[in-house]
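Chain residues, written in single-letter form:
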Amino acid sequence: MGGPTHDSSDFLTDKSAKIFVAGHRGLVGSAIVRKLQSLGLTNLVLRSHSELDLTRQSDVDSFFAAEKPQYVILAAAKVGGIHANNTYPADFIAINLQIQTNVIDSSFRHGVKKLLFLGSSCIYPKLAPQPIPENALLTGPLEPTNEWYAIAKISGIKMCQAYRIQYNWDAISGMPTNLYGPNDNFHPENSHVLPALMRRFHEAKVNKAKEVVVWGTGSPLREFLHVDDLADAVVFLMDKYSGLEHLNVGSGKEVTIKELAELVKEAVGFEGELVWDTSKPDGTPRKLMDSSKLLGLGWVPKISLKDGLVDTYKWYVENVVKQ
Ligand code: GFB
């Protein structure tokens, strides 16, 4: 048990199978829905937050009893950038533990054939070897600004592994690197760096401001993956992977926050200066994923950061600014 296996899954061929995408309105879930629909997989079960609160165990259980999906992709989570993680630790640990525990356990109890759980690169130790291999998990202390979220996500991986070991149930986990794209959260404080800067540069351009404040020192390194590439990897994993170990999903390309800021500035067309607010935390110094296991199975990321920024800025202007 445990090694990657080429499953005889009928995920791509059985177009009548019901697929529950939890969190379909978010950055990740909406990209997965677009991808599934483009492949003709349209028998999707979707529930908005107001229709189904995934933190309520009995509601989740009744939903699974009634709908009986064959496949589950768990993209629902409480997420946010460095400031949100640091400010709302109770929400990040409690809501994520509740959502994932309810969905994973109900999926198992109601006969789901295969489930994919999505985590995050922050599960790894703050000073993990770079690029970070999957087996760096639980080898050292976590980055303090997001350890609450990380502990919840580590629990999700371990829950999938435990159900596979005890019940031979096909639950797998994918660990994406920092994601961006359409339907991201562009909140000025609580979002991740890329959408936060896109909004700040856009507003500065419109207001003809001379400078824009960027947090930290600009020296941390981050790897970014367009969410459409992640959606492609999710479908690939549902089709081809049934192993005990979680798999990293990254682009393999990293930039400093300073380089990212310059790229976003260029994509938006802001012409002023950058001012660094070093009273804000940098977070983990570097987190480049080692995605060689997934690449070895045949998956490849396709969208460059430059192209992805252009696409995301277009989406932002058409869908957030014009609303
Ligand atoms: O994207 P971000 O919040 O996430 O921050 P993390 C990345 C880096 O960008 C940090 C800097 O060094 C920030 O200081 N930064 C510069 C900014 N300007 C800004 C800004 O305006 N907003 C934000 N948010 N950052 C998160 C974790 O860590 O990554 C989560 O907290 C999760 O748990 C997620 O893992 C993927 O990469 O530092």
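Residues numbered from 1 in each chain as written. Predicted model: local features only at pLDDT ≥ 70, side-chain atom pairs only at ≥ 80, totals over all residues. Heavy atoms only, no water.

Trainee: Tell me what's going on with the site of the ligand, and back it up with residues and numbers.
Mentor: As a structural note, the neighbourhood of the ligand is formed by 22 residues, with Ile 82, Arg 200, Arg 222, Pro 281 and Asp 282 the closest of them. Arg 222 has a polar side-chain atom sitting 2.7 Å from an oxygen atom of the ligand. At 3.2 Å from an oxygen atom of the ligand is found a side-chain nitrogen or oxygen belonging to Lys 287. Those elements giving two or more residues to the shell around the ligand turn out to be α3 (82-87), α6 (193-206) and β7 (211-215). For the shell around the ligand, the element with the most residues is α6, which contributes three residues. In the shell around the ligand, the residues fall into 10 nonpolar, eight polar and four charged. (Near = heavy atom within 4 Å. Polar contact = N/O pair within 3.5 Å; in protein donor to acceptor, adjacent residues only side chain to side chain. Helix = DSSP H or I, 4+ residues; strand = E, 2+ residues; numbered from the N terminus. Nonpolar A, V, L, I, M, F, W, Y, C, P; charged D, E, K, R; others polar.)

Trainee: I'd like to hear about the packing of aromatic side chains, residue by residue, with values.
Mentor: Each aromatic ring pair is described using two quantities: the centre-to-centre distance and the angle formed by the ring planes. Enumeration over the complete set of coordinates arrives at 14 aromatic pairs. Relative to Tyr 149, the ring of Phe 92 has its centre 5.9 Å away and its plane inclined at 80 degrees; by these criteria the two rings are edge-to-face. In this pair, Phe 92 is assigned in helix α4 (residues 89-109) and Tyr 149 in helix α5 (residues 147-167), connecting sequence segments 57 residues apart. Taken as a pair, Phe 92 and Tyr 149 share a single burial class, namely buried. Taken together, the ring pairs connect Phe 108, Tyr 163, Tyr 167 and Trp 169 into an aromatic cluster. The cationic tip of Lys 78 hangs over the ring face of Tyr 88; the distance from NZ or CZ to the ring centre is 5.9 Å. (Phe/Tyr/Trp six-rings, centres within 6.5 Å; stacked < 30°, edge-to-face > 60°. Buried < 20%, exposed > 50% of the residue type's maximum accessible area, 1.4 Å probe, protein only. Lys NZ or Arg CZ within 6 Å of the ring centre and 35° of its normal.)

Trainee: Kindly report on the sheet that holds strand β4 (residues 114-118), identifying the contributing residues and their values.
Mentor: As summarised here, the arrangement of the six strands in space is β2-β1-β3-β4-β5-β9, forming an open sheet in which the pairing is parallel. The sheet is open, and its two edges are formed by β2 (44-45) and β9 (247-249), each paired on a single side. As paired elements, β4 and strand β5 (residues 170-176) share five bridges and run parallel to each other. Paired with Lys 114 across the strands is Asp 170, a residue of β5. Running over the sheet, α4 touches β3 (71-74) and β4 and is turned about 170 degrees from β3. Docked against the sheet, helix α7 (residues 227-240) engages β3, β4, β5 and β9, running at close to 145 degrees with respect to β4. (Pairing = 2+ DSSP bridges. Contact = heavy atoms within 4.5 Å. Axes fitted to C-alpha atoms, helices over the stretch in contact; angles between N-to-C directions.)

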